[in-house]
Amino acid sequence: MTDELNFLLDGVEIPFHKGQTIMQAATAAGAYIPHLCFHPDLAPHGSCRLCIVDVNGKTVSSCTQPAEDRQEVHSNIPELQQARLRLIQLLFAEGNHFCPSCEVSGNCQLQALAYDLGMTHYHYAPFSAVRAQDGSHPELFIDRDRCILCDLCGRASCSSDNKNVYGLSGRGEQTHLIFRSNSGNLADTAASVNDHAAHICPVGCILPKQGNYMQTIGNRLYDNAPIHKVGNHRMDD
Ligand code: FES
């Protein structure tokens, strides 16, 4: 009799310890479940739904679902991949994601997931959102039209940087990224380009003003291998 706890993810045994979620255990074991709003060092947000898995015929988000012993979890199945594709297409319709001209093209998780899931077209009519940009900060530029509302920056700002700079405000389609200063400008917060929050964005919303477009095509993270092989490059940030 062994005390080791484990579950099966697409037939592969994943060890875990009590209290871990399916996503935490899978990530620790080097297995990839698609995600956008999860980071192993931060509390789960459960908002992007890319991490959905099937557990006993029920679809649950693996970043919030506690792992259980001998559970059978399915992630890489056609129904879930199709649902994820639609979620990615919704994000492309909701924001303005013009990959060829974007500073993080080739390093962007949204773009990499779109490739991985076989996205070839928009599917949903683009929202063509026009949200206020913020160029007030000397080191950082904010393109809110690329924000996917994952709140990774907000959570990193609180837990890693102890600053509470970034947050979300509004409801429904009015939900948007805010900066916690009296003026509402990023320049009037304690934000720094060296913050964890400044580098955790999975897309191209929070950008350093210096050093963009430095990586040549062929040398970017997702140029040579898909995201399900490479994983989330922000994990080490
Ligand atoms: Fe689980 Fe976003 S990673 S909901």
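Residues numbered from 1 in each chain as written. Predicted model: local features only at pLDDT ≥ 70, side-chain atom pairs only at ≥ 80, totals over all residues. Heavy atoms only, no water.

### Some remarks on the domain arrangement of the chain
Condition: An automatic or database domain assignment supplies the start and end points of every domain. We call two residues in contact whenever any of their non-hydrogen atoms come within 4.5 Å of each other. When two components associate, each loses some accessible surface as probed by a 1.4 Å sphere; the sum of these losses over both components is called the buried area. Think of a polar contact as two N or O atoms within 3.5 Å of one another; within protein, one of them needs to be a possible hydrogen donor and the other a possible acceptor, and neighboring residues in sequence only count if both atoms come from side chains. Asp, Glu, Lys and Arg are counted as charged, while Ala, Val, Leu, Ile, Met, Phe, Trp, Tyr, Cys and Pro are counted as nonpolar; the rest, among them Gly, fall into the polar class.
Taken domain by domain, the chain consists of domain 1 (8–76) and domain 2 (102–225). Taken over C-alpha atoms, the centre of domain 1 sits 24 Å from the centre of domain 2. With 13 residues of domain 1 at the interface, the matching set in domain 2 holds 17 residues. Between domain 1 and domain 2, the buried area comes to about 1000 Å², and carbon and sulfur atoms account for 69% of it. The largest share of the area that domain 1 buries against domain 2 comes from L36, L42 and H45, three residues that together contribute 56% of it. Remark: the boundary between domain 1 and domain 2 carries three residue pairs in polar contact (both at pLDDT 80 or more). Partitioning the side of domain 1 that touches domain 2 into residue classes produces nine nonpolar, four polar and no charged.

### Regarding the pattern of salt bridges
Here is the rule: Salt bridges, as used here, are contacts in which a Lys or Arg side-chain nitrogen is within 4 Å of a carboxyl oxygen on Asp or Glu. Each residue is assigned to one of three classes by its accessible area relative to the maximum for its type, calculated with a 1.4 Å probe on protein chains only: buried under 20%, partly exposed between the two thresholds, exposed over 50%.
Evaluated as defined, the whole model comprises seven salt bridges. The shortest N-O distance in the salt bridge between D69 and R70 comes to 3.6 Å. The partly exposed category is assigned to D69, whose relative accessible area is 34%. Residue R70 is classed as exposed on the basis of its relative accessible area of 70%.

### Structural notes on the packing of aromatic side chains
Test applied: Classification of ring pairs uses Phe, Tyr and Trp, with its six-membered ring standing for Trp, and accepts pairs whose centres are within 6.5 Å; under 30 degrees between planes counts as stacked, over 60 as edge-to-face, and the remaining range as tilted. In this text, helices come from DSSP runs of H or I with a minimum length of four residues, and strands from runs of E with a minimum of two, each type numbered from the N-terminal end.
Inspection of the entire model under this criterion finds three aromatic pairs. Their ring planes at 50° and their centres at 5.8 Å tell us that F7 and F16 sit as a pair that is tilted. A residue is classified by how much of its surface remains accessible, and F7, at 1% relative accessible area, is buried. What makes F16 buried here is its relative accessible area of 8%. Ring centres 5.9 Å apart and planes at 80° place the aromatic pair Y166 and F179 in the edge-to-face group. Within this pair, whereas Y166 is found in strand β7 (residues 166–169), its partner F179 is found in strand β8 (residues 176–179), the two being separated by 13 residues in sequence. Since its relative accessible area comes to 3%, F179 is described here as buried.

### Notes on the sheet that holds strand β4 (residues 58–61)
Cut-off, in case you're wondering: DSSP calls a pair of strands paired once it identifies at least 2 bridges connecting them. To obtain an axis, a line is fitted to C-alpha atoms, over the contacting stretch when the element is a helix, and the angle between two such axes runs from 0 to 180 degrees between their N-to-C directions.
With mixed pairing, five strands are arranged side by side in an open sheet as β2-β1-β5-β3-β4. The sheet terminates laterally at β2 (12–16) and β4, the two strands that pair on one side only. Across the sheet, the mean angle separating the axes of adjacent strands is 35° when strand polarity is ignored. Where strand β1 (residues 5–9) meets strand β5 (residues 72–74), two bridges bridge the pair, whose relative direction is parallel. If you follow L8 over to β5, its bridge partner there is E72. Relative to the sheet, helix α2 (residues 78–94) contacts β3 (52–55), β4 and β5, its axis offset from that of β3 by approximately 155°.

### Observations concerning α2
The following threshold applies: In this analysis, the expected span of each helix is defined as 1.5 Å times one less than the number of residues it contains.
Between the first and last C-alpha of α2 there are 24 Å, a value that for 17 residues agrees with the 24 Å anticipated at 1.5 Å per step. Among all positions of α2, only L80, R84, L85, I88, Q89, L91, F92 and A93 are buried.

### Regarding unusual backbone geometry
Leaving glycine aside, a negative phi is the common case for residues, and trans is the common case for peptide bonds. The phi angle at R70 is positive, at roughly 65°, despite the residue not being glycine. Examined against the element boundaries, R70 turns out to sit in the loop between β4 and β5. Phi is positive for N162, close to 55°, though the residue is something other than glycine. Of note, N162 is situated in the loop between α4 (152–159) and β7. According to the relative accessible area criterion, N162 is exposed, its value standing at 68%.

### So, the side chain of S105
One can find S105 in the loop between α2 and α3 (109–116). There is a polar contact of 3.3 Å between the side chain of S105 and the backbone oxygen of C99. Polar side-chain contacts of S105 include one of 3.0 Å to the side chain of Q111. Those residues in contact with S105 that sit more than four places away from it in its chain are C99, Q111 and R220.

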